[in-house]
Amino acid sequence: MTPQHLAFMMLINLVWGFALIASKVSLDHFPPMLFTALRFTLIVLVLFPFLRIHEGRMKQVLIIALCAGPIGFGFFFAGIALSRPSVVAIVSQLGVPFSTIMSVIFLKEQVHWRRWTGIALSFLGVMVISFDPTVFHFIAGVLCVIASSLIGSVGTIVQRQIRNVGVFEMQAWIAAVAAPVMLVGSFAFEHDQWRILTSASMLQWSGIFYTSFASSLIGHAGIYYLLQRYEVSQTAPLTLLSPIFTVMFSVALLGDVLTARMIVGALIALSGVLIISIRQKRIVPVVS
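Residues numbered from 1 in each chain as written. Predicted model: local features only at pLDDT ≥ 70, side-chain atom pairs only at ≥ 80, totals over all residues. Heavy atoms only, no water.

## A look at the packing of helix α3 (residues 58–68) against helix α8 (residues 139–161)
Axis separation between α3 and α8 bottoms out at 8 Å; the angle between their running directions is 150°. By the angle class used here, α3 and α8 are roughly antiparallel. Crossing geometry of α3 relative to α8 is assigned as left-handed. Here α3 contributes Q60, I63, I64 and C67 to the contact with α8, which in turn contributes I151, G152, V154, G155, V158, Q159 and Q161. Looking at the contact of α3 with α8 residue by residue, the class counts come to six nonpolar, five polar and no charged. (Axes fitted to C-alpha atoms, helices over the stretch in contact; angles between N-to-C directions. Helix = DSSP H or I, 4+ residues; strand = E, 2+ residues; numbered from the N terminus. Parallel < 35°, antiparallel > 145°, perpendicular 65-115°, else oblique. Left-handed = near helix turned anticlockwise from the far one by under 90°. Contact = heavy atoms within 4.5 Å. Nonpolar A, V, L, I, M, F, W, Y, C, P; charged D, E, K, R; others polar.)

In structure tokens:
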């Protein structure tokens, strides 16, 4: 990766690392489906001018939108409901090896032992930080999160293949598909939406605004931008940095205690990211 794109990847991880902290404030008030529906509705309102039909590519656009929106989120929230956040934090990182394996099978990417080593170290570091032995007691939730990670990986592979669809055009379609589906899901499985909306404070709304404009329009749009320029097996593993930033923000802002396990896990994960970053081959950009 060029230094500029590597720095952009660090910014994406920083944005995503804080997203969990910001979301926690809102999710203490908003139920998860309503939270997600509001998030995508805001994105649609902002990016509506970018919604346009792409002849011959709408099938790919809709697959990406479904994977990155209602299907992926549906399984993810089911996993949260059936397990614990610490379990979800571990299992959701399976998206990285899933994406890497799929890139080898479907995109014929060459992943040599150095990159596999970096992926393994990064994943091990995240597990060291967040591992909870109770993961084995929440099999149903684990299976839902695995499904979410697998579906998200499918979306990543299709994003790598699609051409001539702009960054914000893609985000507009993801939001346009996800917003109504999640809103219907909220009315089907949640309740008291009007009371929740009218009683929310500005602080409780802040997480929705942050995930809409920072997490989605910088984080997810940025990953789509980079996937048009670099291999999946090169880009996806670098996202394992985001849990490290989450831990840092938790310590700094929420008063969590920095333990030896956190430090060791962070060092292991960072060593893996360093290997991935250094041992990479730049590929020819497919989008200007």
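## Quick word on the environment of L14
Position of L14 among the secondary structure elements: in helix α1 (residues 3–27). Expressed as a C-alpha distance, the spacing of L14 and P243, which sit 229 residues apart in the sequence, is 9.3 Å. In this view, L14 contacts Y210, F245 and F249; residues no more than four positions away in its chain are not counted.

## Let's talk about the pattern of salt bridges
Going through the model one piece at a time under the given rule, you end up with two salt bridges. One salt bridge in this structure joins E169 and R52, with 2.3 Å as the shortest N-O distance. One end of the pair, E169, is in helix α9 (residues 167–189); the other, R52, is in the loop between α2 (32–47) and α3, and 117 residues separate them in sequence. Look at E169 and you get buried, because its relative accessible area is 11%. Overall, R52 belongs to the partly exposed group, its relative accessible area being 40%. (Salt bridge = Lys/Arg side-chain N within 4 Å of Asp/Glu carboxyl O. Buried < 20%, exposed > 50% of the residue type's maximum accessible area, 1.4 Å probe, protein only.)

## Considerations on unusual backbone geometry
With a phi angle near 60°, N164 is a residue other than glycine that sits in the positive phi range. Mapped onto the secondary structure, N164 falls in the loop between α8 and α9.

## A look at the confidence of the model for the protein
Put simply, the protein has an average pLDDT of 82, and 90% of its residues get 70 or more. Of all helices and strands in the protein, the one with the weakest mean pLDDT is helix α5 (residues 85–91) (65), whereas helix α10 (residues 193–199) scores best (95). (pLDDT = per-residue confidence, 0-100.)

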